[in-house]
Every structure is written in C-alpha cells, then in structure tokens.
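# Residue-level structural notes
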Amino acid sequence: MIELRLYLEGDDRDADRLRELLAHEGFRVVESSGSDAPQPTVVGIREVLARRVEDLERTILELRNLDVAKSQFLTNVSHELRTPLTAIVTYGEILRDGLLGELAPRQREAIESMINSCRQLLSMIEEILTYARTNARAIELQPTEFELEDVVGHVYDMNASLIQQKHLRYEAKVNSGLPMVWADRDKVVHVLGNLIGNAIDFTPPDGILRVEARRWQQNPAWLEVVVEDSGIGIDPKHHEMIFQEFAQVDASRARMHHGTGLGLAIARKFVQLHGGRIWVESELGAGSRFYFTLPSVEAGRKLGAA
Amino acid sequence: MSGEGANLPLILLVEDNEAIRNAFAILLRESGYRVIEVASGSAAIETSATDRPDLILLDLGLPDVGGLEVARALRSREETRETPIVALTGRALETDAEACYAAGCTGYLTKPIDTEQLLRVLPTYLNPQE
C-alpha cells in the first residue's frame, strides 16, 4: 500500500477540509506539526501548489516557444525547398515546349510526367508552408465584401483541367439574391480549393462534383458552402480525425491523394478564424459532403465590432 | 517582328536565384525578347535607369532591397515611372495582390510561374491598348 505523507501547516479551514477529504478517500493522514515535523518538508499546501503551477506555466511557455521555433524552421526549410523546385519546373517547361529543340513524343511525355510530379511536390511544400505560417504567428484576417459566386468560379477555373481530365460532371449552384460575405477572400479561396481538390482526388473518373452556396438554415445571417462528391466516402469514425494535422485515413487513401495531411487542418483553422464551422457528412462508398459556414456582411460586421 | 536585335522588346529580369533567372532568360530569349539579367534590387534600379527596359519582371523575394521597395523606387523615378512592372510572388498568402498594386506593380504572377501563362500575358503588359 502506498503511504502518502502530507505535511499540513496550521489549522485553517482548507487544511481541515483536505484532511477530511483524504481520510474519506482512504488515505492515512500522518499528522505532524511543530517540533517533530521534519524541518524542510513543513510547507503550506498553497505554497506547494503555487510552485507547481509556476513550474507548469514555465514549461508551457518553453514548449510554446519551441513550437514557434519549430514552425519557423519548417517555414525556412519549405521555402528553401521551393526555390530549386521552381527552377526544375521552369526548365522542364522550356524543354517540353521545344524551346531548346523539338522533342520526340516519348521524350515530351517523360518531361510532362516530370513536370507533373514536380508540381505535386510543390503544392505539398506550399501546404506545409501555409501550415507552418499559420502556426508560427497569429494570422490576421483581411476581410472584405465579396460575392461567393466569384470565388466558386475562380476555384473552378483553377481546377478545370483536372476536372476535365477525370471527366467529372461539375455542377455549381449559387442562389441568386445571396448576400455578400464578409471574409478574407484568399483564405476562402484556399478552403474551397482544398475541398474541391480533395473531391477531385477521391472521386473516380466520370463521377459527380457539386458545389453549392446558400443561406445557412440554422442562422440566415450566415452562408453555407457545400462541396459534394460521388467519391469513395469516409467512414463516420474518421470524420473528426480528418480535420486534424497530419491525418490520413489509411494508406490506400494516401495513395490516391498524395497529400501532406494538412489540407483540412488548415481549412478548419481558416474557417474558425472567421467564426465559422466546417464539417463532413459521409459514409464509406457513398460520397462525401463537406460543409463550411461564412458570415454575411451583416453578421461579419457584428463579429468585427464585438 | 522583322528586324533582329534592337526592335525586340527589352525585358529587365530581376531574380536572385541563378537557376531560376537562367531558366527565365532562356525562355524569354527563345520567345523573341531581349533580356537583361540582374540579381539584386539595387542593380535593378541602376540598370533600369541606364538601359530603359520596356518591361520589368521583378521577383519580390530579393535579398537586399525588398521587391515591393524596389517597385516603389522604380515608380518614383522619371525613367521608370511608366514602365510596366510584373511582380513574381510566392503564393497568395505570402504577398497579397493589393500590396503589389499599392507599390506600383502593373501585375503579378505567382510562383511557380506557368511559362505558358507568362508568355501569354507579357504582350498584354507591353501593348496595353491592344
């Protein structure tokens, strides 16, 4: 049996309460006070606690600083990796486009694959860089008023060639009369780009990809964006996990996706910065619907004022 | 474009990374432009005053003077007040478009630069009326 020795000082109410509590929990309380108590251990319980709290606070601060340093390191490394890769892609494109002499079709194909792989690597580095940056320092939103329809169109344009390559049927529906949103446009492009990118990756050829923007039923001062696909779906037990950093559901999904496992974590961070929510409804084999909410101008102004 | 040499548009390419600079120089020369290459902001400001380029491609991540500062300096000088400046930036989250325009840039492209896109937009900056 473990013996817990406590040296309680004085007879104030807190000490009595603690004695009672310990006795109730089955501890043997060894009372010692005055001259028979070992000198160095006679310490008030409050002092002990205060010192522990101080220690813990110091540790937390140290860990936070380390975390910032690590994120800074990650930023630097990603940045340094990106520069030579950019050069490789550019040389590749120069060769592909025959600027240094015509290529045979097979040579062109090989270079095309090389460029695609480099671009994939670049986008992963970009994702790590974004993540590290969001961690290294507080992100400040730069909200403006804009139409969600513009962002939906813009993100489609960025992904149009991939959507066409996989012969996905793409439908976008933005209800007319929808209020403008009050948000950081770049961040919203990033979030929607990530969701659409995932939908493309996880949907087999000839599938369906739908994007819809509408008023949020729970709170009509907010807007809701839905990205729906007919892809492989996600087991409900993984719905929370996929929004966490470095999460990949399993190896087979990772192969389809080539991701860093940071995309949804970043998306969630950006949505939450706007005061919004992001969530998923999905079942294995039944496609996925990702939702996120954004404040309308009216709701955003209130948030800003609060 | 009939005549060689002097008739071709002159582009000042400001990029500190040698591999990237060389790659863009090849791309531009092979596509019918004359190119002057410099690796720093201070060299960009000097060269643009003497060589009077038709367009400046400006990397924003320069080691000496920040790219946006270079853009502002170029805009404040008589010789380059009207010269189109196209900024080459990292992704959107790094440098926002508004800061680019506020510093006097005519346009911007995000890295990795799509070479086809670059060649497509250059003429629109060089001959804005067309």
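Read on for a plain summary of the structure. Just so you know, these numbers come straight off a predicted model, no measurement behind them. (Residues numbered from 1 in each chain as written. Chains lettered and ligands numbered in written order. Predicted model: local features only at pLDDT ≥ 70, side-chain atom pairs only at ≥ 80, totals over all residues. Heavy atoms only, no water.)

### Some thoughts on the overall build of chain B
Put simply, the rule is: Secondary structure elements are defined from DSSP: runs of H or I of at least 4 residues count as helices, runs of E of at least 2 residues count as strands, and each element is numbered from the N terminus. Exposure categories follow from relative accessible area, calculated using a 1.4 Å probe and restricted to protein chains: below 20% of the type maximum is buried, above 50% is exposed, and the middle band is partly exposed. Should any heavy atoms of two residues lie within 4.5 Å, those residues are considered in contact.
Counting its secondary structure elements, chain B contains five helices and five strands. For chain B, the sequential pattern of α-helices and β-strands runs β-α-β-α-β-α-β-α-β-α. Looking at the 130 residues of chain B, the share that counts as buried comes to 48%. Looking at chain B alone, contacts between residues at least 24 apart form 57% of all its contacts between residues at least 6 apart.

### With respect to helix H4 (residues 148–165) of chain A
All names here are of chain A. The line we're drawing: Helix span is expected to be 1.5 Å times the residue number reduced by one. To obtain the bend at a residue, axes are fitted to the seven residues ending there and to the seven starting there, and the angle between these axes is taken.
The end-to-end C-alpha separation of H4 is 26 Å, in line with the 26 Å expected for 18 residues at 1.5 Å each. Where H4 bends most, the angle comes to about 60°, and this point is Asn159. Taken together, the buried positions of H4 are Leu148, Val151, Val152, Val155, Asn159, Ala160 and Ile163. Positive backbone phi, approximately 50°, marks His167, located one or two places after H4.

### Focus: the sheet that holds strand S3 (residues 55–59) of chain B
Residues and elements named next belong to chain B. Put simply, the test is: The pairing criterion is simple: DSSP has to find at least two bridges between the two strands. Lines fitted to C-alpha atoms define the axes, with helix axes restricted to the stretch in contact, and inter-axis angles between N-to-C directions lie between 0 and 180 degrees.
Strand order in this open sheet of five strands is S2-S1-S3-S4-S5, and the pairing throughout is parallel. Taken across any chain shown, the strands that pair with only one partner, and hence form the sheet edges, are strand S2 (34–38) and strand S5 (107–110). The mean inter-strand angle of the sheet, taken between neighbouring strand axes irrespective of direction, is 20°. In the sheet, S3 pairs with strand S4 (residues 85–89) via four bridges, with the strands oriented parallel. Looking at S4, one finds that Asp59 is bridged to Leu88. Sheet contacts for helix H1 (residues 18–30): strand S1 (10–14), S2 and S3; angle to S2, the most-contacted strand, approximately 170°.

### Here we look at helix H7 (residues 263–273) of chain A
Regarding H7(A), the residues found buried are Gly263(A), Leu264(A), Ala265(A), Ile266(A), Ala267(A), Phe270(A) and Val271(A). Positive phi appears at Gly275(A), one or two residues downstream of H7(A), with a value of about 80°.

### Looking at the sheet that holds strand S6 (residues 278–282) of chain A
Residues and elements named next belong to chain A. One open sheet accounts for five strands, arranged S2-S4-S5-S7-S6; its pairing is mixed. For this open sheet the edge positions go to strand S2 (169–174) and S6, each flanked by a neighbour on one side alone. The mean inter-strand angle of the sheet, taken between neighbouring strand axes irrespective of direction, is 15°. Relative to strand S7 (residues 288–295), strand S5 (residues 222–229) runs antiparallel, the two being bridged by eight bridges. Following the sheet pairing, Glu224 is matched in S7 by Thr293. Across the sheet, helix H5 (residues 185–202) is in contact with strand S4 (208–215), S5, S6 and S7; its angle to S5 comes to roughly 20°.

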